[in-house]
Structures are given as C-alpha cells and as structure tokens.
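# A closer look at the structure
Listed here are the chains, written in short residue letters.
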Amino acid sequence: MTTVAAYAAPAAKAPLERTTIERRPVGPNDVLIEIKYAGICHSDIHQATEGWGQAIFPMVPGHEIAGVITEVGSDVTKFQVGDRAGVGCFVDSCGKCGACLSGQNQFCEDGVSTYNAIGRDGKPAYGGYSTHIVVDADHTLRIPDSIPLDVAAPLLCAGITLYSPLKRWQAGPGKKVAILGLGGLGHMGVKIAHAMGAEVTVLSQTLRKKDDGLKLGADHYYATGDEDTFKQLAGSLDLIVSTVSAPLDLGAYLSLLKAGGAFVNVGAPEEPNSLNMFGLIGGNKILAGSMIGSIDETQEMLDFCAEHNLGAEIELIRADQINEAYARVLASDVRYRFVIDTATI
C-alpha cells in the first residue's frame, strides 16, 4: 500500500479537508497514475452532500482525472511509463454481464465507480482529488497529445456525457439540436454538437451567457425565461439534450420537438419530475436518458476532441479552494468547469 495526499469529505455536507489515503499496490494489470488535474463535477457535490442518497465516508470525490503513468503492472501492454492517461466515472467492470457483453460496461451489474463505492478488494474506492491513483489498465483512457491535460480532465465526464447522446441521436448536418443549460456539461455539448455539424441552439434561463454560447459554437441562443421562446421554437427541433439538474416543465420542452424528436436528459435532479403523457404521445416524441459512455466510447470521444481541437473551458484552482468552488458551482458562478491543480494538494 502507498500513502498519498488527498482532499476528502469526512461526512455528509462537511467541508472537504486535506488528509491522506492508502492506494493499493500496482497489480499485474494495473497502472499507477500521477494525477495532474482533477475536474469538479456537480455530481461530486450531489454525492458529498448525500443528495442522491446514502454515501460512503470519508469520501474523496473526483472522476475527471488526467495525469501521467508512473508505473505499469507486469501484464500491461497498452501503456508505458510516461503515457498521458485519464480516468472517468468507473474503474472496474466484470466483462461478463449483459451490459458488458453488449459494449456498455458503464452499466455493468458488478461495476465499481471511481469513488463512493466499494472495490472488489472490499475497500472504499477513492477518487481524483488526490495526487495518485491505481487503476486497472482496461479502465484507463489514453489522452491524446494534442489536448492539454488541464482542459482534458473534464472530458472524462462532461465530454463523454454529452458526446454519447449526441452520437446516439445522430447530431450532424441537417439536424437542429438544442443544448438545455450552458454550464459545465452544456458548454461541452455546444462544442461537440457544433463539431459534429449540427445546427446548435442554446436554451438557457436568461441571455446572460449569450456571447459565450455563440463563441463556443452555437448558432442561436434563447432565454427559457421568455415565454415567446416556446412560441418561436415550437415544433422546430430534432433533439434537445438537457443538462439541467432540477425539475423541468417537460411538456413545455417536448412542445419544441418535431414529430419523432427526442428529449434526452443527462442531468440528474435530486427531486422527481412529472409529465402529462399527451405531451409525449402527441407526435411520437421520445423522452430518454443517457449516462456517460463505455470505455471504448470514451476513448472515441477523446480522439474526436483531439481531431477537432476541443477541450473544456476551465478555471484552474488550488486544492484549498475546493469548498469555495463547490459553493460557486451551486451558485452557477463558474465558466465553465473548475479544475484542481493537484500539485497544490
């Protein structure tokens, strides 16, 4: 076991504080990654505050991890010391269940999340707010050389969370795609949908971030706080990807879709939502969800981002600013992803 520095939440809703944790020895199929940067995802806050239910403490959050491999196990052939590597939202899967066999190992029946989980060794899994992590090589991503590590870190969650539904619902030339919410997730949705060739609309509560949205690649920008928006856009969109982590008037948004259009939710509100089914069945509309992507699809996303020169818009912070950053995320005061410089832990 190796002792490394980390920032952890000692209990639900408690401020994160500097501590030390134990990392397992590097096994035959493991790699040791010196973490350089770790993104702060809103889901870190949901879990550290038990907004999504009972959690495991002490908790070291962080599933947007970018760093450099410093040791490889004896059976590892796909990585070498010095390679740039990333870790996303899960660190293990069985390879045998229906989800794994269908190429969707993010839904493994016996999978292990990067943190707030118990590993196969029976010990808690600790995330990326730390200096080092040991990960199974088959669940490690290769970060292309052309993407700086700091802007690459958020791609491991925010990037794949938007890439997967945009790819699945065939965003591209001739498709009118709306991204609902211009935040840590949404800004990557705008960039990726634009790179795929779609006509991109941002739907946000106000026009406060309009200039940003247009610079990121949006063709149009509308305020959902303006009732005229729903009249102007009625029946015009092929796809809406919602990044909002709060209950919505789903009927109002479904009314913006063409017949056969899809509303795909990637946000995860803590409260339930309701829906009048006539808003769904009228026009054969689709209400769907999407959660990250497989290891293979995540690598595909990273390669796509490298090809199109995409990275997250970030604000780099010191580790002692994590609690302040959490408060700012809750206040929607970040453009557009906080990233921790782990050298400051």
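Attention here is on the structure that accompanies the text. (Residues numbered from 1 in each chain as written. Predicted model: local features only at pLDDT ≥ 70, side-chain atom pairs only at ≥ 80, totals over all residues. Heavy atoms only, no water.)

Pairing is parallel in the open sheet, where 6 strands are placed in the order β14-β13-β12-β15-β16-β17. Each of the sheet's edge strands pairs with one partner strand only, and the pair in question is β14 (220–223) and β17 (286–289). Averaged over all pairs of adjacent strands, the angle between their axes in this sheet comes to 20 degrees, without regard to strand direction. Pairing of strand β16 (residues 257–265) with β17, which is carried by 4 bridges, proceeds in the parallel orientation. From the neighbouring strand, Ala262 faces β17, where its bridge partner is Ile286. Across the sheet, helix α4 (residues 158–168) touches β12 (176–180), β15 (237–242), β16 and β17, and the angle it forms with β15 is around 160 degrees. (Pairing = 2+ DSSP bridges. Helix = DSSP H or I, 4+ residues; strand = E, 2+ residues; numbered from the N terminus. Axes fitted to C-alpha atoms, helices over the stretch in contact; angles between N-to-C directions. Contact = heavy atoms within 4.5 Å.)

Moving on: the packing of aromatic side chains. One pass over the full model with this rule turns up 3 aromatic pairs. Each ring, one from Phe230 and one from Tyr253, has its centre 5.3 Å from the other, and the planes form 70 degrees; the classification is edge-to-face. Of this pair, Phe230 sits in helix α7 (residues 227–232) while Tyr253 sits in helix α8 (residues 250–254); the two residues are 23 residues apart in sequence, bridging distant segments of the chain. Note on accessibility: Phe230 and Tyr253 belong to one class, buried. Each ring, one from Tyr253 and one from Phe263, has its centre 6.3 Å from the other, and the planes form 45 degrees; the classification is tilted. Residue Tyr253 is located in helix α8, and its partner Phe263 is located in strand β16; the two are separated by 10 residues in the primary sequence. (Phe/Tyr/Trp six-rings, centres within 6.5 Å; stacked < 30°, edge-to-face > 60°. Buried < 20%, exposed > 50% of the residue type's maximum accessible area, 1.4 Å probe, protein only.)

Looking along the chain, the bond that leaves Phe57 and enters Pro58 is cis, with omega of 0 degrees. Note that Pro58 resides in the loop between α1 (42–48) and β4 (65–72). Going from Arg335 to Tyr336, the amide bond is cis rather than trans, its omega being 0 degrees. Along the chain, the position of Tyr336 falls in the loop between α11 (322–330) and β19 (337–341). Phi is positive for Lys13, which is not a glycine, with a value near 70 degrees. Summarising the element assignment, Lys13 is placed in the loop between β1 (2–8) and β2 (17–23). On the basis of relative accessibility, which here comes to 64%, the residue Lys13 falls in the exposed class. Although it is not a glycine, Ile292 sits at a positive phi angle of roughly 40 degrees. Here Ile292 shows up in the loop between β17 and α10 (295–307).

Here the focus is the pattern of salt bridges. Inspection of every chain in the model, using the stated rule, returns 13 salt bridges. Here Glu34 makes a salt bridge to Lys36, at a shortest N to O gap of 3.3 Å. A salt bridge links Arg328 to Glu315, with the nearest nitrogen and oxygen atoms 2.9 Å apart. Of this pair, Arg328 sits in helix α11 while Glu315 sits in strand β18 (residues 314–317); the two residues are 13 residues apart in sequence, bridging distant segments of the chain. With a relative accessible area of 21%, Arg328 lands in the partly exposed category. (Salt bridge = Lys/Arg side-chain N within 4 Å of Asp/Glu carboxyl O.)

Burial analysis of α4 places 9 of its 11 residues in the buried class, which makes it a mostly covered element. Listed in full, the buried residues belonging to α4 are Ala158, Gly159, Ile160, Thr161, Leu162, Tyr163, Ser164, Pro165 and Leu166. One or two positions beyond α4, positive phi appears at Gln170, with a value near 60 degrees.

With that settled, consider the pairing of strand β3 (residues 30–39). The two faces of a sheet get side chains in turn, since along a regular strand they alternate between them. Of all 10 residues making up β3, 7 are buried, and the element is well covered by its neighbours. Alignment of β3 against strand β10 (residues 132–136), held across 5 bridges, turns out to be antiparallel. Note that in β10 the partner of Glu34 across the bridge is His132. Sheet topology places β3 next to β4; 7 bridges connect them, and they run antiparallel. Residue pairing in the sheet places Val31 in a bridge with Val72 of β4. Sheet analysis places β3 next to β19, joined by 3 bridges and oriented antiparallel. By the bridge assignment, Gly39 is partnered in β19 with Val339.

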